[in-house]
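Remarks on the overall topology
Here is how the chains run, residue by residue.
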Amino acid sequence: MSRRLDEDCLQLIEELHEGKMLSHPAIRRHVDRALHTGDCSKLKEFIRKFPVFRIQAGRNIALARVQRLDNAFRPYPSRADAREYLSGPLKLGFVNEFDDMFGLHWDILCLPAIVPGRVGAGKSRLLKFLLSQILAEKR
């Protein structure tokens, strides 16, 4: 029978999750057990025994915040930016959390293009999708 987790336990789990520490098998096992049983004592005992995991989570969180500050690109364009720069008659997909569509102008397709990426990244799939959208478009 599972019990309700206390606020400290939920905060610890959130910190480990945000700090990308749930990929560690031992931490993942303890977090899963705590969530399943409602007993956080084993997880807290594990973190007390190995404080390096909580320290690393804190470092990962701080690094992610610094990277967001240094990033010149916002995670999503605003609605106004999407309408002004990313909208064209050929619709290819969603561009932000407002479900605005990403579209290209036909003139862009007349320019030479390079699709860089490593093996298996989806370059061919992108081009096939683009061609299928072009052929499906009614003119």
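Before reading on, note that the structure itself is shown above.
Residues numbered from 1 in each chain as written. Predicted model: local features only at pLDDT ≥ 70, side-chain atom pairs only at ≥ 80, totals over all residues. Heavy atoms only, no water.

1. Description of the packing of helix α1 (residues 7-18) against helix α3 (residues 41-49)
- It is the contact of α1 with α3, at a shortest axis distance of 11 Å, that shows an interaxial angle of 55°. Relative to α3, the element α1 lies oblique. In this structure, α1 meets α3 at a crossing whose hand is left-handed. Facing Asp 8, Cys 9, Leu 12, Ile 13 and Leu 16 of α1, the residues of α3 in contact are Leu 43, Lys 44 and Ile 47. (Axes fitted to C-alpha atoms, helices over the stretch in contact; angles between N-to-C directions. Helix = DSSP H or I, 4+ residues; strand = E, 2+ residues; numbered from the N terminus. Parallel < 35°, antiparallel > 145°, perpendicular 65-115°, else oblique. Left-handed = near helix turned anticlockwise from the far one by under 90°. Contact = heavy atoms within 4.5 Å.)

2. Focus: the side chain of His 30
- Considering the arrangement of structural elements, one finds His 30 in helix α2 (residues 25-37).
- When its relative accessible area of 10% is taken as the criterion, His 30 is described as buried.
- Ignoring any residue separated from it by four or fewer positions in sequence, one finds His 30 in contact with Lys 42, Leu 43 and Phe 46. (Buried < 20%, exposed > 50% of the residue type's maximum accessible area, 1.4 Å probe, protein only.)

3. Description of the nonpolar core
- Leu 16, Ile 27, Val 31, Leu 43 and Ile 47 are the most contacted members of the largest nonpolar core, which totals 17 residues.
- Those elements that provide at least two residues to this core are α1, α2, α3 and α4 (52-70).
- What Val 31 contacts, discounting residues up to four positions off in sequence, is Ile 13, Leu 16, Leu 22 and Leu 43.
- Core analysis: the second largest hydrophobic core is formed by five residues, Leu 92, Leu 104, Leu 130 and Ile 134 among them. (Core = buried A, V, L, I, M, F, W, Y, C linked by side-chain atoms within 4.5 Å.)

4. Points about the packing of α2 against α3
- For the pair α2 and α3, interaxial distance at closest approach is 8 Å and the crossing angle is 150°. Classified by the interaxial angle, the pair formed by α2 and α3 is roughly antiparallel. Here Ala 26, Ile 27, His 30, Val 31 and Arg 33 of α2 lie close against α3, whose contacting residues are Lys 42, Leu 43 and Phe 46.
- Grouping the constituent residues of the contact of α2 with α3 by class yields five nonpolar, one polar and two charged. (Nonpolar A, V, L, I, M, F, W, Y, C, P; charged D, E, K, R; others polar.)

5. Section: the packing of aromatic side chains
- All told, the structure shown has three aromatic pairs when counted by the stated rule.
- A centroid spacing of 5.6 Å and a plane angle of 20° characterise the contact between Phe 46 and Phe 53, whose relative ring orientation is stacked. Comparing Phe 46 with Phe 53 shows no difference in burial state: the two are buried.
- When the ring of Phe 50 is compared with that of Phe 53, the centres are 6.4 Å apart and the planes differ by 70°; the resulting orientation is edge-to-face.
- Owing to a relative accessible area of 36%, Phe 50 belongs among the partly exposed residues under this scheme. (Phe/Tyr/Trp six-rings, centres within 6.5 Å; stacked < 30°, edge-to-face > 60°.)

6. Describing the state of the cysteines
- Applying the stated criterion across every chain, the model contains one disulfide.
- In this model Cys 9 forms its disulfide with Cys 40; the gap between the sulfur atoms is 2.0 Å. Because the sign of the S-S torsion sets the handedness, a value of about 80° for the bond joining Cys 9 and Cys 40 places this disulfide among the right-handed ones. Of this pair, Cys 9 sits in helix α1 while Cys 40 sits in the loop between α2 and α3, placing them 31 residues apart in sequence. Comparing Cys 9 with Cys 40, the two get one shared label, buried. (Disulfide = S-S within 2.5 Å.)

Everything listed here is a matter of coordinates, which is why it stays silent on function.
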